[in-house]
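Structural overview for review
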Amino acid sequence: MQVCLRSIRKHTQDVPIEVIVVDNGSRDDSLDYLRSLRWIRLIETDNRTWPYNVFQAWDLGVRAAQGEYVLTMHSDVFIRRDGWLRPYLERIQEAPEVAAVGGWKLTEPSLTRALYEWQKHVFGTALSALKSLFGRKRVIRWRRLRFPRDYAGLYRRSVLLEHDLSFLPRPVGAPIPQGEGGGYAISQRLWDLGFSTRMIPLRTMAANMVHIAHGTSAFVAARRRSRAGAQRDVEETAASLFREPWVQALCVATELDD
């Protein structure tokens, strides 16, 4: 949490922003840290029902915010450099019907990743076509690759408020289909209303920020006892990141808390 907030404050001097932090019932020292920061607006809740508490946090933030746009962000996203917001603002200001901007899962660009996304697009579209031939509901699978993920997604706040839109999937409590996680439900509602979403190239996003997917679990003792492959990967990614000089510098930059 410290690195996330300090990185935002350090690298967002070119755009006037307010930072709203929604705490979902933290039981550790992070809540005391948040209460000590005078430059953020803190909303405290006791909702620990994951992942729905995350979606409800976005809804609270939208209604508490005062700006023209609202950007959702996870606490395991660290900003690398100045000017990171400019690609978001440039894309969302391209046309009035653009209501959301962001990127897909943030991984370092690679040929392997590109081939993976290509095969998902090709085979997903083919499967949708076959389903439509047999009278089954058509699912445009490629669109799942084209919605802003909520780890860092920018939205027109007026559109969300005017249409009373929520980030919560419907029905609440139902299983969330694979590929329709954070950001999909709100994007689908925007599409249904005739709005569009725009994507920022992963290469651009990776240059401006880093996201440790499920990174907070790397610091949860109960999860560290499990050495499953995915959990081990998260821990190793987090450990490697915290050895990088720019992250180490943020860890000791206490002046950014004042």
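All chains use their own residue numbering, which begins from 1 and follows the written sequence. Local features in this predicted model are restricted to residues whose pLDDT is 70 or higher, and side-chain atom pairs enter the listing and the counts only when it is 80 or higher, whereas totals over whole chains, interfaces and linings include all residues. Excluded from the side-chain calculations are hydrogens and water; all other atoms, namely the structure's heavy atoms, are used.

1. Description of the overall build of the protein chain
Strands are runs of DSSP state E lasting at least two residues, helices are runs of H or I lasting at least four, and both sets are numbered from the N terminus onward. Helix and strand counts for the protein chain come out as 11 helices and 8 strands. By residue count, 45% of the 258 residues in the protein chain fall in the buried class. Accessible surface, the protein chain: about 14300 Å² in total, of which carbon and sulfur atoms supply 54%. Burial classes follow relative accessibility: with a 1.4 Å probe on protein chains only, a residue under 20% of its type's maximum area counts as buried, one over 50% as exposed, and anything between as partly exposed. Only the protein chains shown count as cover for residues, and the accessible areas themselves come from Shrake-Rupley with a 1.4 Å probe.

2. A short note on the pairing of strand β5 (residues 98-102)
Most of β5 sits inside the fold, with 5 of its 5 residues counted as buried. The pairing of β5 with strand β7 (residues 196-199) spans 4 bridges and is parallel. Looking across to β7, one finds that V101 is bridged to R198. By this definition, two strands are paired if DSSP reports at least two bridges between them. In the sheet, β5 pairs with strand β6 (residues 152-156) via 2 bridges, with the strands oriented antiparallel. The residue of β6 that forms the bridge with V101 is L154.

3. Focus on the side chain of T12
Relative to the assigned elements, T12 resides in the loop between α1 (2-11) and β1 (19-24). Judged by its relative accessible area of 8%, T12 is buried. In the analysis that follows, any N or O atom pair within 3.5 Å is treated as a polar contact, provided that within protein one partner can donate a hydrogen and the other can accept it, and provided that, for residues neighboring in sequence, both atoms belong to side chains. Of note is the side chain of T12, whose polar atom sits 2.5 Å from the backbone oxygen of I8. Side chain to side chain, T12 and W84 meet in a polar contact 2.9 Å long. Here a residue-residue contact requires only that any non-hydrogen atoms of the pair lie within 4.5 Å. Those residues in contact with T12 that lie beyond four places of it in its chain are I17, W84 and L85.

4. Quick word on the side chain of D23
Here D23 lies in strand β1. Among buried Asp, Glu, Lys and Arg side chains, D23 stands out as unpaired, with R27 the closest opposite charge at 6.2 Å. Within the structure, the side chain of D23 is placed 3.2 Å from the backbone nitrogen of G25, a separation counted as a polar contact. Beyond its immediate stretch of four places on either side in the chain, D23 contacts L31, L34, L42, I43, E44 and T45. Residues scored as positive are Lys and Arg, those scored as negative are Asp and Glu, and His as well as the terminal groups of each chain are ignored. Any carboxyl oxygen of Asp or Glu within 4 Å of a side-chain nitrogen of Lys or Arg constitutes a salt bridge here.

5. A few points about the confidence of the model for the protein chain
Averaged over the protein chain, the pLDDT score is 82; the fraction of residues at 70 or greater is 74%. Note on residues 108-112: pLDDT under 50 across the span, and 5 contacts to partners over four residues away in sequence or across chains. Ignoring residues within four places in sequence, the model shows residues 137-143, a span with pLDDT below 50, making 12 contacts including any to other chains. Each residue carries a pLDDT value, the predictor's own confidence for that position, ranging from 0 to 100.

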